[in-house]
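Single-letter residue listing:
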Amino acid sequence: DVKIAFQVTEPNTSDRILVNTAEIADDSDSSGDPIDDIDSTPDNNNEWNEEDDLDKEFVKVKYFDLALKKWVSKAIIIDADGTQTVQETGHTGDEDPEPPAKVEIRGSRLSKTTVKFKFKIRVTNEGEVAGHVGEISDYIPKGLKFIQADNPKWKEVNGKVVTDQLKDTLLQPGDSAEVEIILTWVNSEENLGLMTNIAEISKDDGDDIDSTPDNKKDGEDDQDDAPVILSITTGAADVYGYIGLAAGVLLIISGGIILIKKYVI
């Protein structure tokens, strides 16, 4: 036996079958003298199956493809007294486009309210080759902040946050794995409206067929975003408060009129 190795230069987007051929190019007897093979001629590149001194092997390039999806799984609203209200979004990551996760904050309690959003990130191997996700990056938008205590498996690096918690998870074709990150609203009346959080695969161990890690490019399937909206509402309690205040004013006015009538008229 002899061995030979080749590097594949065919693009991983190709669907061609590559054919590698080997043939006996020269032969001799035990003394080194030329000899006639009984059923084949050396180095004539004859079609295979016609001569047994030639054989072929076939190779099809398998492609590597990791895809990422991100969505908001829940919003956590914490009042000043520590009371928590959890709003489940029901999102799965398959929404296209994903509707924003909306939180309405009562205006009278705005400054004392904490809002946290839990995001889920799923990586799926959509290719034909097993691989690892070396790192996931999260680009935090203005208006949200990263708190380390909420995210022990993430760390801040160069203006973004990253995690390598899937680096030892081998994803076979069709397999998926998930991570989570919690971001906190920066409490301010000036910090309301739409905010979009983006996550991306920033390291992997393959030549992905349709995306480049860590390039933050829209349209590639190794990147996805998840929107949230914060807005102010007066709230039912506030409305009832205004009604009560108005009723109180009317009572005072009515009482004044009665007193005037009694003592003046």
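Residues numbered from 1 in each chain as written. Predicted model: local features only at pLDDT ≥ 70, side-chain atom pairs only at ≥ 80, totals over all residues. Heavy atoms only, no water.

Chemist: Could you clarify how one ought to interpret unusual backbone geometry in this entry?
Modeler: Negative phi characterises most residues that are not glycine, and trans characterises most peptide bonds. Note that the residue after D96, namely P97, is joined by a cis bond; omega there is 0 degrees. For P97, the location among the structural elements is in the loop between β4 (84-88) and β5 (101-106). The phi dihedral of D214 is positive, around 65 degrees, even though this residue is not glycine. Since its relative accessible area comes to 41%, D214 is described here as partly exposed. The residue K216 is not glycine, and still its phi comes out positive at about 50 degrees. Secondary-structure assignment places K216 in the loop between β12 (193-204) and β13 (223-233). Given the relative accessible area of 45%, K216 is considered partly exposed. (Helix = DSSP H or I, 4+ residues; strand = E, 2+ residues; numbered from the N terminus. Buried < 20%, exposed > 50% of the residue type's maximum accessible area, 1.4 Å probe, protein only.)

Chemist: Is there a simple way to explain the pattern of salt bridges in this structure?
Modeler: Between side chains of opposite charge, pairing is possible as soon as their charged atoms come close. As enumerated under the stated definition, the model contains 10 salt bridges in all. The closest approach of N and O atoms between E180 and K118, which form a salt bridge, is 3.7 Å. Of this pair, E180 sits in strand β11 (residues 176-185) while K118 sits in strand β6 (residues 114-125); the two residues are 62 residues apart in sequence, bridging distant segments of the chain. The salt bridge involving D168 is made with K167; its shortest N-O contact spans 3.4 Å. It is possible to trace a salt-bridge network through shared partners that takes in K118, K120 and E180. (Salt bridge = Lys/Arg side-chain N within 4 Å of Asp/Glu carboxyl O.)

Chemist: Just to check I follow, could you spell out the sheet that holds β12 for this structure?
Modeler: Sheet strands pair by backbone hydrogen bonding; their relative direction is either parallel or antiparallel. Sheet architecture is open: six strands sit in the order β5-β13-β12-β7-β10-β9, paired in mixed fashion. Every interior strand has two partners, whereas the edge strands, β5 and β9 (155-157), have only one. Averaged over all pairs of adjacent strands, the angle between their axes in this sheet comes to 30 degrees, without regard to strand direction. Across six bridges, the pairing between β5 and β13 is parallel. From the neighbouring strand, E104 faces β13, where its bridge partner is S231. (Pairing = 2+ DSSP bridges. Axes fitted to C-alpha atoms, helices over the stretch in contact; angles between N-to-C directions.)

Chemist: Where do I start with a negative patch on the surface in this structure?
Modeler: A cluster of acidic side chains, namely D36, D37, D39 and D52, defines a negative patch on the protein surface. Mapped onto the elements of the fold, D37 is located in the loop between β1 (17-23) and β2 (54-60). (Patch = residues over 30% accessible without salt bridge, like charges linked within 9 Å, V, L, I, M, F, W, Y side chains within 5 Å. Areas by Shrake-Rupley, 256 points an atom, 1.4 Å probe, with all protein chains shown as cover. Lys, Arg positive; Asp, Glu negative; His and termini not counted. Charge placed at Lys NZ, Arg CZ, Asp CG, Glu CD.)

Chemist: Where do I start with the sheet that holds β11 in this structure?
Modeler: Spatially, five strands are ordered β4-β3-β6-β11-β8 in an open sheet, and the strand pairing comes out antiparallel. One side of each edge strand has no neighbouring strand; the edge strands of this open sheet are β4 and β8 (144-146). On average, each strand axis in the sheet is tilted by 35 degrees relative to the strand beside it, whichever way the strands run. In this structure, strand β3 (residues 66-78) lies alongside β6, joined through 12 bridges in antiparallel fashion. By the bridge assignment, W71 is partnered in β6 with K120.

Chemist: Whenever I open this one, the packing of aromatic side chains confuses me. Can you help?
Modeler: Aromatic ring pairs are reported here in terms of the distance separating the ring centres and the angle at which the planes meet. Scanning the entire structure with this criterion turns up one aromatic pair. Each ring, one from F117 and one from F119, has its centre 6.5 Å from the other, and the planes form 50 degrees; the classification is tilted. Neither residue differs from the other here; F117 and F119 are each classed as buried. Just above the ring of F119 sits the side chain of K70; from NZ or CZ to the centre is 4.7 Å. The aromatic ring of Y139 is capped on one face by K216, whose charged end is 4.4 Å from the ring centroid. (Phe/Tyr/Trp six-rings, centres within 6.5 Å; stacked < 30°, edge-to-face > 60°. Lys NZ or Arg CZ within 6 Å of the ring centre and 35° of its normal.)

Chemist: Teacher, can you tell me more about the confidence of the model for the protein chain here?
Modeler: Any segment with low pLDDT has predicted coordinates that should not be analysed in fine detail. Across the protein chain, the average pLDDT comes to 87, with 87% of residues at or above 70. Low pLDDT (under 50) marks residues 236-247, which in the prediction has four contacts with non-local residues, meaning those over four places away or in another chain. (pLDDT = per-residue confidence, 0-100. Contact = heavy atoms within 4.5 Å.)

Chemist: Got a minute to help me understand the environment of H132 in this structure?
Modeler: With respect to the helices, strands and loops of the structure, H132 is situated in the loop between β6 and β7 (133-139). Separated by 37 residues in sequence, H132 and T169 have C-alpha atoms that sit 6.1 Å apart. Aside from chain neighbours lying at most four places away, what touches H132 is L66, K167, D168, T169, L170, D204 and D205. A distance of 2.8 Å separates polar atoms of two side chains, one belonging to H132 and the other to D205. (Polar contact = N/O pair within 3.5 Å; in protein donor to acceptor, adjacent residues only side chain to side chain.)

Chemist: Honestly, the pairing of strand β10 (residues 160-163) in this entry has me stumped. Any pointers?
Modeler: The alternating pattern of β10 places K160 and V162 on one face and V161 and T163 on the opposite face, and all of these are buried. If you look at the hairpin formed by β9 and β10, you'll find two residues sitting between the two strands, and N158 has a positive phi there, around 50 degrees.

Chemist: Whenever I open this one, the nonpolar core confuses me. Can you help?
Modeler: Generally speaking, soluble globular proteins have nonpolar side chains that are buried together. F117, F119 and I136 are the most contacted members of the largest nonpolar core, which has 34 residues in total. Contributing elements (two or more residues each) for this core: β3, β5, β6, β7, β8, β11, β12 and β13. Ignoring sequence-local partners within four residues, the contact set of F119 consists of K70, W71, V72, L144, V179, E180, I181, L183, N197, A226 and V228. (Core = buried A, V, L, I, M, F, W, Y, C linked by side-chain atoms within 4.5 Å.)

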